Amino acid sequence: MASVSEMYDVTWEEMRDKLRKWREDNHRNSEQIVDVGEELINEHASKLGDDIWIIYEQVMIAALDCSRDDLAWTCLQELKRQFPGSQRVKRLAGMRLEALEKYEDANKQYDSILQDDPTNTAARKRKISILKAQGKSAEAIRELNEYLEQFVGDQGAWHELSELYINEHDYGKAAFCLEELMMTNPHNHLYCEQYAEVKYTQGGLENLELSRKYFAQALKLNNRNMRALFGLYMSASHIAASPKVNATVEKANVKYATWATNQINRAYQLAGRGTKENKCSVKAVEEMLESITMS
Amino acid sequence: MAEPEFLLDSNIRLWVVLPIVFITFLVGVIRHYVSILLQSDKKLTLEQVSDSQVLIRSRILRENGKYIPKQSFLMRKFYFNNQEDGFFKNTKRKVVPPSPMTDPSMLTDMMKGNVTNVLPMILIGGWINWTFSGFVTTKVPFPLTLRFKPMLQQGIELLSLDASWVSSASWYFLNVFGLRSMYSLILGQDNGADQSRIMQEQMSGAAMAMPADTNKAFKAEWEALELTDHQWALENIEEELMSRELDLDGMFSKELPMGIF
């Protein structure tokens, strides 16, 4: 089997820089990390210097994702040898136990970390993910709420909580979590879009109006968000079709829906230039939009 | 009366001015590394971490509250500022003012600070004064009054000498402050050799601003939040959005990268 460097004709420096880029961007492409990282560790360990420790950590987590327990064990041993008694390494050992589904042992590991340092957020979050892995979502939600009471600024945790609430169909509380995220990241169009979708799912005239506004905001932040464009169209047409609205509101919403339709058509025209398959999808979209407008 | 310009022996430049610059610089670098070695770990309690994050959340609510619906903003404002059980109204933290006497870690920190900064300055200043004494080192480019003479012309007993001519000790002190920007360049910001910053910290009281001020910070946040109103940024979003066509440029033209590299 050809090695990564042979297949792509890259040097070990490029591989190391690629790993660093994935680390900084928080990519979860575990199979690629394992391929590149394993070769770096096996062939070029001496040249990496002190970089190797963080690469061990990165590769170990990726190996746990890919069920490569052998590789994970090697990385963990090296890290334990270099940093005995480190809490970061203890957390990695706990993650390995989690991957092997030994949840009680993992919990004991995390509890010992928390005894030494009650402010350690990583161990607390791992305990919550154990609950989630075991399917105890109600408990996970409760623990996560307690965690967030003390660490209000943890954005990843807010997002995780919103996901848990959506799975439990508690859309009101999910919207609350997404509002926190929107406030801390006002320029992120994805949070606006997700918030709008939650509001749309909640239903009711007020929520539909809110969702239309937030779909529009997502579009304003990123003109190419197709999901938001479709969402804008759907919410506007639903409001227009609702029997409770007066004439002006209905007219405004029909205008919004028509505008959205035009933009969708434009986008599909742009995509459809050329190949035959795309021309079919353009036609399909037009027919769909016409059918929804009629009903 | 125009003073005749002195011409100093160029040996002074070679053997006094430059060595003092080097000495000051090297001492500063050594101070920086020594301060790193002697640094004690600052342990934060859970409550401090939590409080600082709450303050950040309140500030974000004030600044970016206009992006969430009015109802949500009011809900959060009520949670913080409510008369009966608002967070800022009710939470009182036990305040232990970090005076040097009661807090042992503060005491050792202060002592280490003094040892690494003030002591070398005094020692080396005195040594330079003793070694390079009896002659004029340099001239400051602006005129000074006679009051400065005893201060800046330590070893020189000339009554008629212009006060702009200074001795080597004052050149040393000039260097200590002047090389601060060099330290930032070479050692990065926030380095241990930065004397004037440390002296500023000592003057402003406790080096850590958080502990005693938690209650005051809460009160300040409460007031600021009371004054904040909700101006919904999405009021006319549809009109703004639909005033022009969507910019779909480049949406479908990019080649997707294949493989890892």
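Residues numbered from 1 in each chain as written. Chains lettered and ligands numbered in written order. Predicted model: local features only at pLDDT ≥ 70, side-chain atom pairs only at ≥ 80, totals over all residues. Heavy atoms only, no water.

An unreviewed UniProt entry annotates chain B as ER membrane protein complex subunit 3 originating from Oncorhynchus mykiss. Note on chain B: under the UniProt heading Sequence similarities (unreviewed entry), the record states "Belongs to the EMC3 family." (UniProt positions renumbered as here; feature names shortened; annotations may be inferred.)

Labelled according to an unreviewed UniProt entry, chain A appears under the name ER membrane protein complex subunit 2, originating from Oncorhynchus mykiss. Under Function (unreviewed entry), UniProt gives the following word-for-word description of chain A: "Part of the endoplasmic reticulum membrane protein complex (EMC) that enables the energy-independent insertion into endoplasmic reticulum membranes of newly synthesized membrane proteins." Of the comments in the UniProt record for chain A, the one headed Subunit (unreviewed entry) reads "Component of the ER membrane protein complex (EMC)."

(A) Layout of the overall build of chain A. Within chain A, the secondary structure is distributed over 16 helices and 0 strands. Relative to the 2.2 N^0.38 estimate, which gives 19 Å for 295 residues, the radius of gyration of chain A is 25 Å and therefore markedly larger than a compact globule would have. Residues counted as buried form 43% of the 295 residues belonging to chain A. Carbon and sulfur atoms make up 49% of the accessible area of chain A, which totals about 15500 Å². Each charge sign in chain A was given a centre, from 38 positive and 46 negative side chains, and these centres are 5 Å apart. (Helix = DSSP H or I, 4+ residues; strand = E, 2+ residues; numbered from the N terminus. Rg over C-alpha atoms; globule rule 2.2 N^0.38 Å. Buried < 20%, exposed > 50% of the residue type's maximum accessible area, 1.4 Å probe, protein only. Areas by Shrake-Rupley, 256 points an atom, 1.4 Å probe, with all protein chains shown as cover. Lys, Arg positive; Asp, Glu negative; His and termini not counted. Charge placed at Lys NZ, Arg CZ, Asp CG, Glu CD.)

(B) Inspection of the UniProt feature "transmembrane region" (unreviewed entry) in chain B at higher detail. All names here are of chain B. Under the present numbering, the feature "transmembrane region" (unreviewed entry) in UniProt falls on residues 12-34 and 115-136. Counting secondary structure, residues 12-34 comes out at 100% helix and 0% strand; the distance between its end C-alpha atoms is 32 Å. Annotation note: span residues 115-136, helix share 77%, strand share 0%, distance between end C-alpha atoms 31 Å.

(C) A negative patch on the surface, seen in detail. Together, Glu 139, Glu 143, Glu 146 and Glu 149 of chain A make up a region of like negative charge exposed at the surface. Checked against the element boundaries, Glu 149 of chain A lands in helix H9 (residues 137-150). (Patch = residues over 30% accessible without salt bridge, like charges linked within 9 Å, V, L, I, M, F, W, Y side chains within 5 Å. Salt bridge = Lys/Arg side-chain N within 4 Å of Asp/Glu carboxyl O.)

(D) Main features of the packing of aromatic side chains. Inspection of every chain in the model, using the stated rule, returns 8 aromatic pairs over all chains. Consider the rings of Trp 53 of chain A and Phe 83 of chain A, whose centres lie 5.8 Å apart with planes at 80 degrees: the pair is edge-to-face. One end of the pair, Trp 53 of chain A, is in helix H4 (residues 51-65); the other, Phe 83 of chain A, is in the loop between helix H5 (69-82) and helix H6 (87-99), with 30 residues separating them in the sequence. Centre to centre, the rings of Tyr 195 of chain A and Tyr 214 of chain A are 4.9 Å apart; their planes meet at 80 degrees, and the pair counts as edge-to-face. Of this pair, Tyr 195 of chain A sits in helix H12 (residues 189-202) while Tyr 214 of chain A sits in helix H13 (residues 205-221); the two residues are 19 residues apart in sequence, bridging distant segments of the chain. A cation over an aromatic ring shows up here: Arg 76 of chain B above the ring of Phe 176 of chain A, its NZ or CZ 4.1 Å from the ring centre. (Phe/Tyr/Trp six-rings, centres within 6.5 Å; stacked < 30°, edge-to-face > 60°. Lys NZ or Arg CZ within 6 Å of the ring centre and 35° of its normal.)

(E) Expanded view of the interface of chain B and chain A. The partner chain A presents 46 residues to the 39 residues of chain B that form the contact. With both sides pooled, the region where chain B packs onto chain A buries about 4100 Å², and carbon together with sulfur makes up 67% of that total. Between chain B and chain A we count 8 salt bridges in total. Glu 180 of chain A is paired through a salt bridge with Arg 57 of chain B; the nearest N and O atoms lie 2.5 Å apart. Between chain B and chain A we count 21 residue pairs in polar contact (both at pLDDT 80 or more) in total. Elements represented by at least two residues in the side of chain B that touches chain A include exactly helix H2 (46-64), helix H3 (70-81) and helix H11 (237-242) of chain B. Examining the composition of the side of chain B that touches chain A, we find that 9 residues originate from one element, H2 of chain B, more than from any other. Residues of the side of chain B that touches chain A, tallied by class, amount to 21 nonpolar, 8 polar and 10 charged. (Contact = heavy atoms within 4.5 Å. Buried area = accessible area lost by both parts, 1.4 Å probe. Polar contact = N/O pair within 3.5 Å; in protein donor to acceptor, adjacent residues only side chain to side chain. Nonpolar A, V, L, I, M, F, W, Y, C, P; charged D, E, K, R; others polar.)

(F) Representation of the packing of helix H11 (residues 171-184) of chain A against H2 of chain B in the model. Where H11 of chain A meets H2 of chain B, the axes come as close as 9 Å, and the angle between the chain directions of the two elements is 75 degrees. In terms of their interaxial angle, H11 of chain A and H2 of chain B are classed as roughly perpendicular. For the pair H11 of chain A and H2 of chain B, contact is made by Phe 176, Glu 180, Met 183 and Thr 184 of chain A and by Arg 57, Ile 60, Leu 61 and Asn 64 of chain B, respectively. (Axes fitted to C-alpha atoms, helices over the stretch in contact; angles between N-to-C directions. Parallel < 35°, antiparallel > 145°, perpendicular 65-115°, else oblique.)

(G) Structural context of the UniProt feature "domain: EMC2 TPR-like" (unreviewed entry) in chain A. With numbering matched to this structure, UniProt assigns "domain: EMC2 TPR-like" (unreviewed entry) to residues 90-199 of chain A. Annotated as residues 90-199 of chain A, this span is 81% helix and 0% strand, and its ends, taken at the C-alpha atoms, are 41 Å apart.

(H) Representation of the pattern of salt bridges in the model. Counted under the stated rule, the structure contains 30 salt bridges over all chains. Among the ionic pairs, Arg 16 of chain A bridges to Asp 17 of chain A, the shortest N-O distance being 3.5 Å. Note that Glu 223 of chain B is salt-bridged to Lys 219 of chain B, the shortest N-O span being 3.2 Å. Here the residue Glu 223 of chain B and the residue Lys 219 of chain B both occupy positions in helix H10 (residues 210-227), the gap between them amounting to 4 residues, near one helical turn.

(I) Main features of the environment of Leu 289 of chain A. All names here are of chain A. Relative to the elements of secondary structure, Leu 289 occurs in helix H16 (residues 276-294). Here Leu 289 falls in the buried class, since its relative accessible area comes to 2%. Excluding residues within four positions of it along the chain, Leu 289 makes contact with Tyr 233, Thr 261, Ile 264 and Asn 265.

(J) Region of interest: the side chain of Glu 221 of chain B. Residues and elements named next belong to chain B. Within the fold, Glu 221 resides in helix H10. For Glu 221, a relative accessible area of 10% translates into the label buried. Setting aside residues up to four positions removed in sequence, Glu 221 forms contacts with Leu 55, Ser 58, Arg 59, Arg 62 and Phe 88.

(K) Looking closely at helix H7 (residues 103-116) of chain A. Residue and element names in this part refer to chain A. With 14 residues, H7 should reach 20 Å at 1.5 Å per residue; the first-to-last C-alpha distance of 20 Å fits that figure. Taken residue by residue, H7 has Tyr 103, Ala 106, Tyr 110, Ile 113 and Leu 114 as its buried positions. Across the axial projection of H7, the buried residues extend over an arc of 95 degrees, all falling on one side. Relative to its buried face, H7 has exposed residues pointing more than 90 degrees away, namely Glu 104, Lys 108 and Gln 115. On its buried face, H7 is in contact with H6 and helix H8 (121-133). (Expected span 1.5 Å × (residues − 1). Arc of directions from axis to C-beta.)

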